[in-house]
Amino acid sequence: MLGRIFTEQFAFSASDSVVVIGLGRFGGAVAQSLMRLGHDVMGIDQREDLVQFWGDRLTHAVQADSTNESTMLQLGVADFSHAIVAIGSDLAASLMTLMVLTELGIKDIWVKAQTPDHGQIAQRIGAHHVIFPEADMGARVAHLITGRMMDFIEFEDGFAIAKIHAPPDTHHQVLAESQVRTRHGVTVVGVKRANEDFQHAQPETRILPADLLIVSGPTKNIELFASGGKRKR
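Residues numbered from 1 in each chain as written. Predicted model: local features only at pLDDT ≥ 70, side-chain atom pairs only at ≥ 80, totals over all residues. Heavy atoms only, no water.

**A short note on the pattern of salt bridges**
Two side chains carrying opposite charge are able to pair once their charged atoms lie near each other.
Logical step 1: Taken as a whole and judged by the stated rule, the model has four salt bridges.
Logical step 2: A salt bridge links Arg183 to Asp169, with the nearest nitrogen and oxygen atoms 3.2 Å apart. Of this pair, Arg183 sits in helix H9 (residues 180-184) while Asp169 sits in the loop between strand S8 (159-165) and strand S9 (173-174); the two residues are 14 residues apart in sequence, bridging distant segments of the chain.
Logical step 3: Judged by its relative accessible area of 22%, Asp169 falls in the partly exposed class.
Logical step 4: Taking the shortest distance from any N to any O, the salt bridge between Arg193 and Asp211 comes out at 2.7 Å. Within this pair, whereas Arg193 is found in the loop between strand S10 (187-192) and strand S11 (199-200), its partner Asp211 is found in the loop between strand S12 (206-207) and strand S13 (212-218), the two being separated by 18 residues in sequence. (Salt bridge = Lys/Arg side-chain N within 4 Å of Asp/Glu carboxyl O. Helix = DSSP H or I, 4+ residues; strand = E, 2+ residues; numbered from the N terminus. Buried < 20%, exposed > 50% of the residue type's maximum accessible area, 1.4 Å probe, protein only.)

**Quick notes on the side chain of Ser17**
Logical step 1: For Ser17, the position within the fold is in strand S1 (residues 17-21).
Logical step 2: Here Ser17 falls in the buried class, since its relative accessible area comes to 16%.
Logical step 3: Beyond its immediate sequence surroundings of up to four residues, Ser17 is in contact with Asp40, Asp79, Phe80, Ser81 and His82. (Contact = heavy atoms within 4.5 Å.)

**Focus on the nonpolar core**
Logical step 1: Ranked by size, the top nonpolar core spans 25 residues in total, and within it Val19, Ile44, Met72, Val77 and Leu101 carry the most contacts.
Logical step 2: Of all the secondary structure elements, the ones that give two or more residues to this core are S1, strand S2 (40-45), strand S4 (82-85), helix H5 (91-103) and strand S5 (109-112).
Logical step 3: It is H5 that provides the largest number of residues to this core, a total of five residues.
Logical step 4: Setting aside its immediate chain neighbours within four residues, Val77 contacts Val19, Ile44, Met72, Leu101, Leu104 and Ile106.
Logical step 5: One finds Ala162, Ala166, Ile207 and Val215 within the second-largest nonpolar core, a separate group that totals 18 residues. (Core = buried A, V, L, I, M, F, W, Y, C linked by side-chain atoms within 4.5 Å.)

Now the structure itself:
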């Protein structure tokens, strides 16, 4: 799931290399997911035990000080397409590492932030994307617990993709008739029916009560649509 968030939202190509700095719980999970998706991944951490653990799981794992520009240059970090700063609670190390990456000219830098202030400072220094893993996961779990959504991914601009049960006002209608986009402000991307293959949604696609819908759009609109409510005009 963590690797998909990066690849689906920002279209990492299969040949892109990624450096993940900080191999704790979050950084390690991201690095492993990216490896499964076919990317070359270098992991960097100051802790020897973490580097040893990830040594045979990543393309490369190196024990190094990511706040040292000369060290990072020698490791070839400047040649990577993407960098993810996944350093945990050490705010200074996170921001100093970010400064080094901007000096090296990395074109796509992600930073894990613990607080809104951390995120704002990171953006000012040069982070292209800021991630709040705990807050994002909390929102996702809340949606799953309510039972309205079976899966949910929200992106940083308030846009989301979700898998939901077909709301009652779409049942036994084709999408052109139910006018989901006009009435609810969301787009039905695809439909999954029991014992049938996934199908991309077309205007003539008929929705049945047991169907699962893949929908995209503003988060608030999806929440209302999933709950059977209507968007306020």
